[in-house]
Structures are given as C-alpha cells and as structure tokens.
Amino acid sequence: MSANFKSSAPHIAAVTAWRGELSDWGPVPTMIEGQSRTSGVLLHKGPGGSPEAGIWVCTPGVWECHVTRDELCQFLSGRCTYTHESGEVIEITPDTAAFFPEGWKGTCAVHETVRKVYMIR
C-alpha cells in the first residue's frame, strides 16, 4: 500500500486499501440535507485544471449535483444514490463504475461515506 505522487505516472498501489493522508476539501456547497464534507488527494491536475484525477471522499448528506465536466468514477467503498433530474435513480455500491457526462444534473444522497477514484476532463 504505497503511493508515489512524484512519479512520471503518479500512482497508488492497492488503492482500495490505501489510507494515506487526504486533504480537507471542505463542505459540499449545495447541501439540501445534512452536512457532507469532502476530502481527497490529487494524482494529477493539468493546465487550467483539466484533466484532473485522484481520490475523493464524501461523508453522508443529500446535495444538488451539477456535473460541469465529463467525469469517470470507480467507487471503492460506501453507498450513495444519484437521482437524475428526469427521475432516473442510479444506486452506487463498492465496485461500481459510473460515467457522468458534462451537464448531468440531479441530486446525490450519500448514505455511507463514499470513496472513489475519479478522472475529470
């Protein structure tokens, strides 16, 4: 369970079990219910912030979600429900991969703290 963020290819070995230090990224600004807080670690952030890749953690709560850039997620732990503005419900559990296209809108209800690996472009 090691990480090398200064490598030519930044990486985390055994990412599901990795419990290295995370930066506090603060509360979710669009809360509906509860007080979700986020934290994470960046593997890479390109010029102008794109692309971006890393680990993201979010505590329980319900919040409005508006995806401003394409995002691919691999959820490692926790449980949440994304509900698209059309009413479509997407249940997230460990080992779920999901792609949220730019412009996706809805809500996210985090039931158990989620941890995911993500890439935004």
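Please refer to the structure higher up on the page.
Procedures and definitions
- Residues numbered from 1 in each chain as written.
- Predicted model: local features only at pLDDT ≥ 70, side-chain atom pairs only at ≥ 80, totals over all residues.
- Heavy atoms only, no water.
- Helix = DSSP H or I, 4+ residues; strand = E, 2+ residues; numbered from the N terminus.
- Buried < 20%, exposed > 50% of the residue type's maximum accessible area, 1.4 Å probe, protein only.
- Contact = heavy atoms within 4.5 Å.
- Phe/Tyr/Trp six-rings, centres within 6.5 Å; stacked < 30°, edge-to-face > 60°.

## What to know about the side chain of threonine 96
Piece 1. Along the chain, threonine 96 turns up in the loop between strand E9 (89-92) and strand E10 (97-100).
Piece 2. On the accessibility criterion, threonine 96 (18% relative accessible area) is buried.
Piece 3. Residues in contact with threonine 96, not counting those within four places in the same chain, are Cys73, Gln74, Phe75 and Glu91.

## A look at the packing of aromatic side chains
Piece 1. The full count for this structure, using the stated rule, is 6 aromatic pairs.
Piece 2. When the centroid spacing of 5.9 Å and the interplanar angle of 80 degrees are considered together, the rings of tyrosine 82 and tryptophan 104 count as edge-to-face. One end of the pair, tyrosine 82, is in strand E8 (residues 71-84); the other, tryptophan 104, is in the loop between E10 and strand E11 (105-120), with 22 residues separating them in the sequence.
Piece 3. With a centroid separation of 5.3 Å and an interplanar angle of 80 degrees, the aromatic rings of phenylalanine 100 and tryptophan 104 are classed as edge-to-face. In this structure, phenylalanine 100 and tryptophan 104 share a single accessibility class: buried.
Piece 4. The rings of Phe75, Tyr82, Phe100 and Trp104 are connected pair by pair, giving a single aromatic cluster.

Geometric descriptors of this kind do not, in isolation, establish any biological role.
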